[in-house]
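Below are the chains, spelled out letter by letter.
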Amino acid sequence: MTKAGITLAVFCSLFVLNNAQAATTLPAQVNYRVLLDHSTLIIHKNDSYTMQVERIVEPLNATGVQNQSQVNIAYPGNFAKLKIIKAYTEDPDGVRHPVIASEIFKQSTRSAIAAPFLSDGVNESVIFPAVSPGDTIHIQYDLTYAHPYLPGIYALSAVLDPGVMISKASIAMDTVQMKQFQIHQSSSGNGWQTGVDEFSGSVNKVSVPPLGTPAPSQYAGVAVLSTADNWKTLAEAYNQLAAPSSEVTPEIHAAALKIAEGHTGMQAITNIYHWIQQNIHGVSVNYETAGFKPLPAQETLQRGVGDSNAKVALMCAMVHSLGIEAVPAMVSQSSRFKEYPGVDPFAFDHFLIYLPKEHRFMDLAYRHASADVLPVQDAGRPVLISGKNPEMTTTPSPEVNLPLLSQTDDFTLKGSVLSGTEELMASGYMAQKERAALSGLKGRRLLKVIRDAFYTQGGVGEVHTVAFRYRHDLQKPLGIRLSLNRAGEFVPGKVFSISLPKMHHISADLVPFASTQQRSTPSLTTPVNLDFTLKIKVPEGYHPLYLPDSESLKTSVGDYKVSYAFKNGIFTEHKSLLIKHFIVSSKAFPDLHEIAALALESDHQALVLEKSA
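The shown structure was predicted, so the numbers you read here are calculated from the model rather than taken from an experiment. (Residues numbered from 1 in each chain as written. Predicted model: local features only at pLDDT ≥ 70, side-chain atom pairs only at ≥ 80, totals over all residues. Heavy atoms only, no water.)

Core analysis: the largest hydrophobic core is formed by 105 residues, its most contacted members being Tyr 145, Trp 231, Phe 292, Met 315 and Met 318. In terms of residues, this core owes the most to one element, helix α8 (residues 308–320), which gives eight residues. In contact with Met 318, not counting residues within four places along its chain, are Ile 252, Ala 255, Ala 256, Ile 259, Ile 272, Trp 275, Ile 276 and Leu 301. Membership of the second largest hydrophobic core comes to 55 residues, among which are Leu 424, Ile 450, Leu 553 and Val 557. (Core = buried A, V, L, I, M, F, W, Y, C linked by side-chain atoms within 4.5 Å. Buried < 20%, exposed > 50% of the residue type's maximum accessible area, 1.4 Å probe, protein only. Helix = DSSP H or I, 4+ residues; strand = E, 2+ residues; numbered from the N terminus. Contact = heavy atoms within 4.5 Å.)

Shown next, in the form of structure tokens:
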């Protein structure tokens, strides 16, 4: 989905409606306005349905022309057909410039090219002629689907994005021919008004969200029309469609026994998880153009390729063959941490496996994730468990009681060079992140990448050697030890200063929250517990002229500490950062700003040394 238009590809039409007004007060990011955005889902007697779309957009400048003069409509080519009703550019004098047939063409979607056996996605492009700022771009089309994506469920949803502006938006559902369907209406946030089987809305004030803001559906108006009134119904429909794909075959059972290596219970599950993770090549599939039915587990095993849906079906089949219960779970990896207000299948874009007995979620899509820690992209999010006991719940948030990343720098100052070691221990999702960055690297190439990272983070000097602890054992924390020197821009004398090395992980992600003291939208952070210790053995006969001020800050959002000490010829700096939540409300934002400002300020401290008399 892009801000440029509507992503309409399903029984659930999820689109982000963007607004722009021509007033001089518009932010620079606004380069077009939507005059009309209307979508109607019509259910037919034979269970097929048609999505009727009409859209009028006015580019306001050259950037708007570039962004809006080509409309891309994606849909599943194996069970949907597109019909363009009208498409033209209209100038301010009312002259229309129709789109000619040769400027409408089809291409395969990216996922269909990468794995055509998983997706029949089609992207149909419409290129508009003679577009200039102030013209209007008109398009109307019908997308007809042979059947719903999930049996018996039809839905339509929309999100009003306050980043730009729309004059009139509406979604509607028509079930007149199908009397057995009742339409359930639900919404959250501001901007939508309810009608009979429809929602309409607009955004009259532009407010471009700053960096570090979550997905619009986390805070903007969301409207849903659906023939399902609860998430259990959706889970049951998915199970009806997908359950046959987890059929156990003799080949799957034999493979599961071999991979389990005689183990049972959680150890067998862990072995199978890591085998699929390492041996079934992952591809990304857009379910709006591929559908939700996974490839049969037997076929995924033979091909050695699958998306998250297919991998989950394979693992379900393997563990079922060993008498272990497991079911698929649907999750969204967007930065959204609350449920949609109504039942919308395309509130989800990814699949996890769920183990009911262990009450554990696992993600097969990440090669460096451990079996007991979810990748941060899955954590703390709404998740729909399928199977015999369907349930809408929330995935666990990262565990932050202990440091996820701990770094200790131990240096000796000789002349103008700090030489020594840097030791890092990473656990949880931070270990996954560090392992992924090192994936496939060894020898000189590994050392080059580590050196480049050292320079990128502001280091001056040389990395000599690197050693690892548990680099390939995903179930254990990752240890990295570097031997290095840091050359500073200083010349030893009676009084001289050393710029203290920065803790990149602590301050880097806080930068977006330091520039302003207030926000009107929530802020997106990541729960972390980071710890950094720097030790410098100073030359004999020298001592600090002064120590920077130690600081300690505890807030509703998290905690930050920095302290400095000098004892027995060793200067010590210690920093720690604890962030507890993914979402920080606008009310609590001043606390986050205070942490960010203090952390960035402490990054610019220096150690001033004086030679004793």
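This is not the end of the story, as more comes after the structure.
This part takes up the packing of helix α4 (residues 250–260) against helix α5 (residues 265–279). Close contact between α4 and α5 brings their axes to 8 Å; oriented N to C, the two are set at 110°. The angle between the axes of α4 and α5 places the two elements in the roughly perpendicular class. From α4, Ala 256, Ile 259 and Ala 260 reach across to α5, where they touch Ala 268, Asn 271, Ile 272 and Trp 275. Residue classes in the contact of α4 with α5 are distributed as six nonpolar, one polar and no charged. (Axes fitted to C-alpha atoms, helices over the stretch in contact; angles between N-to-C directions. Parallel < 35°, antiparallel > 145°, perpendicular 65-115°, else oblique. Nonpolar A, V, L, I, M, F, W, Y, C, P; charged D, E, K, R; others polar.)

Mapping Ser 523 onto the fold places it in strand β28 (residues 523–524). Within the structure, the side chain of Ser 523 is placed 3.2 Å from the side chain of Arg 519, a separation counted as a polar contact. Not counting residues up to four positions away in its chain, the partners in contact with Ser 523 are Gly 212, Pro 214, Phe 513, Phe 582, Ile 583, Val 584, Phe 589 and Leu 592. (Polar contact = N/O pair within 3.5 Å; in protein donor to acceptor, adjacent residues only side chain to side chain.)

What follows deals with a nonpolar patch on the surface. A cluster of nonpolar side chains, Val 495, Leu 545 and Tyr 546, forms an exposed patch at the surface whose accessible area comes to about 280 Å². One can find Val 495 in strand β27 (residues 495–499). (Patch = residues over 30% accessible without salt bridge, like charges linked within 9 Å, V, L, I, M, F, W, Y side chains within 5 Å. Areas by Shrake-Rupley, 256 points an atom, 1.4 Å probe, with all protein chains shown as cover. Salt bridge = Lys/Arg side-chain N within 4 Å of Asp/Glu carboxyl O.)

Looking now at α5. Look at α5: 21 Å from first C-alpha to last across 15 residues, which is about the 21 Å you get at 1.5 Å a residue. Turning to α5, its buried residues number three or more, namely Ala 268, Ile 269, Thr 270, Asn 271, Ile 272, Tyr 273, His 274, Ile 276 and Gln 277. Where α5 is buried, its residues contact α4, α8, β19 (350–355) and β20 (360–362). (Expected span 1.5 Å × (residues − 1).)

Turning to the sheet that holds strand β7 (residues 104–108), a few remarks are in order. Each strand in a sheet pairs with another by means of backbone hydrogen bonds, the pair being arranged parallel or else antiparallel. Taken in spatial order, the three strands make up an open sheet running β4-β8-β7, and their pairing is antiparallel. Sheet topology places β4 (70–76) and β7 at the edges, where each strand pairs with a single neighbour. Across the sheet, the mean angle separating the axes of adjacent strands is 25° when strand polarity is ignored. The sheet contact formed by β4 and strand β8 (residues 121–127) spans seven bridges and is antiparallel. Bridge assignment links Gln 70 to a residue of β8, and that residue is Ile 127. (Pairing = 2+ DSSP bridges.)

Shape is all these values report; function is a separate question.
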